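Now for the letters of each chain:
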Amino acid sequence: MSVHYTLNLRVFWPLVTGLCTALVCLYHVLRGSGGARAEPPDGADGGFPLLKVAVLLLLGYILLRCRHAVRQRFLPGSPRLGSHPTFSPRHFREPSLGILLESYYEHEVRLSPHVLGHSKAHVSRIVGELVRAGRARGSPGPIPGGALALAFRGDFIQVGSAYEQHKIRRPDGFDVLVPLRLPPLVALEPRSLGAEPALAPAFRGCFVCALKAPPGASGSHWLRDCKPFADGFCVDVLGRRHLSAALVLRWFQAHLQRSLATVRYSLEGRCRVSLTPGGLEQAPTLHILPCRTDYGCCRLSMAVRLIPAVHLGDGVFLVAPPPSPSPVGPLSELPGGLRTDALWGVNTARQEQKLLSWLQERAPPGACYLKCLQLLKALRDLGARGLDPTAATQWGRILSSYMLKTVLLAVLLREGAPASGWDEAHLGERLEELVQFLRDCLLRRHTLFHCVLGPGGAAAEVGPLPKVLREAAPVDLLAAFDRHARELAAARLLSTWRRLPQLLRGYGGPRYLARCPPPRSQRTQGFPEDQP
């Protein structure tokens, strides 16, 4: 496909005028500092021709601007604007919500596939080198090496919205799972906490992992041989040794720092990297900054969360630390002898990606459900404007990206598969449906369950799951938030939706609509208001 470039007169003429003016000023400065010179004959000024040229260029620019303004005003059928269906007088004066959403999506929400592709490739190269260096270094932690050493498995798994085609605005944040290799003498016995009646709702999506002997190992000999690993990475829970997420996370961050020191020199020519530890409550973040000598087309600063993960099987991982959905943070004490440092979260990103692919295969061409999810995220960001930092943090936690993705999956699975009503002509209606369903979930008219965990999950569509996930109790994602916080979020969500035409009114002018393509269904048949 050939690309045609046109001269931008709005940039060209001011640039030429400014350049000529600078030349005139430079000429007069040099003329004044050059010492005594002979006066020009008849008092002529040698700088007059250059000044004259600059004035003529300025007049030419003003005339062209006036011609362009007259053409915009009196020739609405010109090829630049008149061919766009949104520039009929009726649509231009009062653009509909669908037009505003399309315009806002094109200019503020939509992410360039070119930039996203370059960013993902850059992150993949940097993280790949770091993980390979970590695997080669072995384990310098409490167990220096040998059969009981914890180590990197050698690969990494990219998860999150950037890899599910619904990230918005800028590709500056990524999530990467770093699988860990357990010693051969260590086996895990995971258990879901969803059925614990005395446990706070915020922790019912967590898991604990007890150590057990692998098949064929003798119990007494295994306890003795496994003691160094248990002392370094486990805690006692209810009389049994459990793998500690906090101790594993501490080892993981220290191992990453040593691995980064190994590859930092080799990366100096491409980027600058630094690692920010997250303590015991957050995963460490790898910051990738563009190098001054990097003249690539996508010079972005990116933050990559590196999450330690333990593989359970069938693409399901336990991650450290567990997510903290509660607005008040983790509890200091847990009932029944449980400990917060023994809690693990579960990551089912592979299953969710399979579920999105399964829905996409059954969707009609041009289905807009991913665009609806992106606009729902943008609506959340618009609703956060004007909130104080504490309220904005709670708003973002209740309406997290994972929560909004689960809302979309719940609506789609309720309908069986995206029907014809999910084409771009019904973008506003489908977005309103998602907003109403989310409001009902916040008001407890519907329950927003995890889309994979439990017997009611989408196991049939995503393939086999580990037994511990199939038998887990259903997890209500909004149960961790109190009633008052949910009602405030529902009221603000509804208020933001009702004010959406006013919030997006600035994207309905000719400056934006001229570059905004009409919806796919309207490119051949016009707008619904134009139909008889």
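All of these numbers come straight from a predicted model, not from anything done at the bench.

### Structural notes on the confidence of the model for the protein chain
When the pLDDT values of the protein chain are averaged, the result is 79; 74% of them are 70 or greater. Contacts for the low-pLDDT stretch residues 42–47, under 50 throughout, to residues beyond four places or in other chains number five contacts. Contacts for the low-pLDDT stretch residues 520–532, under 50 throughout, to residues beyond four places or in other chains number 19 contacts.

### Some thoughts on helix 9 (residues 349–362)
Think of an α-helix as 3.6 residues a turn; residues three or four steps apart then line up on the same face. If you check helix 9, its first and last C-alpha atoms are 20 Å apart, about what 14 residues at 1.5 Å a residue would give, namely 20 Å. Taken as a whole, helix 9 has its buried residues at Ala349, Gln351, Glu352, Leu355, Leu356, Trp358 and Leu359.

### What to know about the state of the cysteines
Each disulfide consists of one covalent bond between the sulfur atoms belonging to two cysteines. Under the criterion given, the structure shown has zero disulfides. Cysteine 368 supplies the cysteine sulfur nearest to cysteine 372, a cysteine that is in no disulfide, at a spacing of 4.0 Å. What makes cysteine 372 buried here is its relative accessible area of 0%.

### Points about the side chain of threonine 406
Tracing the backbone through its elements, the reader meets threonine 406 in helix 12 (residues 401–415). Given the relative accessible area of 2%, threonine 406 is considered buried. Within polar-contact distance, the side chain of threonine 406 engages the backbone oxygen of tyrosine 402 at 2.8 Å. What threonine 406 contacts, discounting residues up to four positions off in sequence, is Leu448, Phe449 and Leu477.

### Looking at the packing of aromatic side chains
Scanning all chains against the criterion turns up five aromatic pairs. The interplanar angle of 85° and the centroid separation of 6.0 Å between the aromatic rings of phenylalanine 152 and tryptophan 251 together place this pair among those described as edge-to-face. Residue phenylalanine 152 is located in strand 1 (residues 151–152), and its partner tryptophan 251 is located in helix 8 (residues 245–267); the two are separated by 99 residues in the primary sequence. With a relative accessible area of 5%, tryptophan 251 lands in the buried category. With a centroid separation of 6.0 Å and an interplanar angle of 55°, the aromatic rings of tyrosine 163 and phenylalanine 174 are classed as tilted.

### Regarding the pattern of salt bridges
Within the structure shown, the criterion is met by 25 salt bridges. Notably, a salt bridge pairs aspartate 231 with lysine 227, separated by 2.8 Å at the nearest N-O pair. Placement of the pair is aspartate 231 and lysine 227 together in helix 7 (residues 227–233), with a separation of four residues, close to one helical turn. Of the charged contacts, one joins arginine 241 and aspartate 231 as a salt bridge, the two residues approaching to 3.4 Å between their closest N and O atoms.

### Observations regarding the pairing of strand 9 (residues 285–290)
Summarising the sheet, strand 8 (residues 271–276) and strand 9 pair through six bridges and their orientation is antiparallel. By the bridge assignment, valine 273 is partnered in strand 9 with isoleucine 288. Bridge analysis of strand 9 against strand 10 (residues 302–313) gives four bridges, and the strand direction is antiparallel. Residue pairing in the sheet places threonine 285 in a bridge with arginine 305 of strand 10.

### Considering the environment of threonine 262
Here threonine 262 lies in helix 8. Each C-alpha atom, one on threonine 262 and one on leucine 130, is 8.4 Å from the other, the two residues being 132 residues apart in sequence. One polar contact links the side chain of threonine 262 to the main-chain carbonyl oxygen of arginine 258, over a distance of 3.1 Å.

### Observations regarding the packing of helix 5 (residues 113–137) against helix 8
Following both chains from N to C, one finds helix 5 and helix 8 inclined at 120°, their axes separated by 8 Å at the closest point. Taken together, helix 5 and helix 8 sit at an angle that is classed as oblique. Relative to helix 8, the crossing made by helix 5 is right-handed. Between helix 5 and helix 8, the residues in contact are Ile126, Glu129, Leu130, Ala133, Gly134 and Arg137 and His255, Leu256, Arg258, Ser259, Leu260, Thr262, Val263, Ser266 and Leu267, respectively. For the contact of helix 5 with helix 8, the per-class residue count stands at seven nonpolar, five polar and three charged.

### Let's talk about the packing of helix 10 (residues 369–383) against helix 16 (residues 483–498)
Direction vectors running N to C along helix 10 and helix 16 enclose 105°, while the axes themselves pass 10 Å from each other. Classified by the angle their axes make, helix 10 and helix 16 are roughly perpendicular. Residues Leu379, Leu382 and Gly383 of helix 10 form the contact with helix 16, whose participating residues are Arg492, Leu493, Thr496 and Trp497. The class makeup of the residues in the contact of helix 10 with helix 16 is four nonpolar, two polar and one charged.

### Comments concerning the nonpolar core
Counting residues in hydrophobic clusters, the biggest one holds 111 residues, and the most contacted among them are Leu211, Phe229, Leu243, Leu286 and Leu306. No other element matches helix 10, which puts nine residues into this core. Excluding residues within four positions of it along the chain, leucine 211 makes contact with Val186, Ala187, Leu188, Trp222, Cys226, Phe229, Ala230, Cys234, Arg240, Arg241, His242 and Leu243. Formed by 12 residues, the second largest nonpolar core is a distinct cluster that contains Cys206, Val235, Leu338 and Leu343.

### Comments concerning a nonpolar patch on the surface
Side chains of Val55, Leu56, Leu58, Leu59 and Ile62 sit close together on the surface and give an oily, nonpolar patch of about 430 Å² of accessible area. Within the secondary structure, leucine 59 sits in helix 2 (residues 48–74). The exposure class of leucine 59 is partly exposed, given its relative accessible area of 47%.

Parameters and conventions
Residues numbered from 1 in each chain as written. Predicted model: local features only at pLDDT ≥ 70, side-chain atom pairs only at ≥ 80, totals over all residues. Heavy atoms only, no water. pLDDT = per-residue confidence, 0-100. Contact = heavy atoms within 4.5 Å. Helix = DSSP H or I, 4+ residues; strand = E, 2+ residues; numbered from the N terminus. Expected span 1.5 Å × (residues − 1). Buried < 20%, exposed > 50% of the residue type's maximum accessible area, 1.4 Å probe, protein only. Disulfide = S-S within 2.5 Å. Polar contact = N/O pair within 3.5 Å; in protein donor to acceptor, adjacent residues only side chain to side chain. Phe/Tyr/Trp six-rings, centres within 6.5 Å; stacked < 30°, edge-to-face > 60°. Salt bridge = Lys/Arg side-chain N within 4 Å of Asp/Glu carboxyl O. Pairing = 2+ DSSP bridges. Axes fitted to C-alpha atoms, helices over the stretch in contact; angles between N-to-C directions. Parallel < 35°, antiparallel > 145°, perpendicular 65-115°, else oblique. Left-handed = near helix turned anticlockwise from the far one by under 90°. Nonpolar A, V, L, I, M, F, W, Y, C, P; charged D, E, K, R; others polar. Core = buried A, V, L, I, M, F, W, Y, C linked by side-chain atoms within 4.5 Å. Patch = residues over 30% accessible without salt bridge, like charges linked within 9 Å, V, L, I, M, F, W, Y side chains within 5 Å. Areas by Shrake-Rupley, 256 points an atom, 1.4 Å probe, with all protein chains shown as cover.

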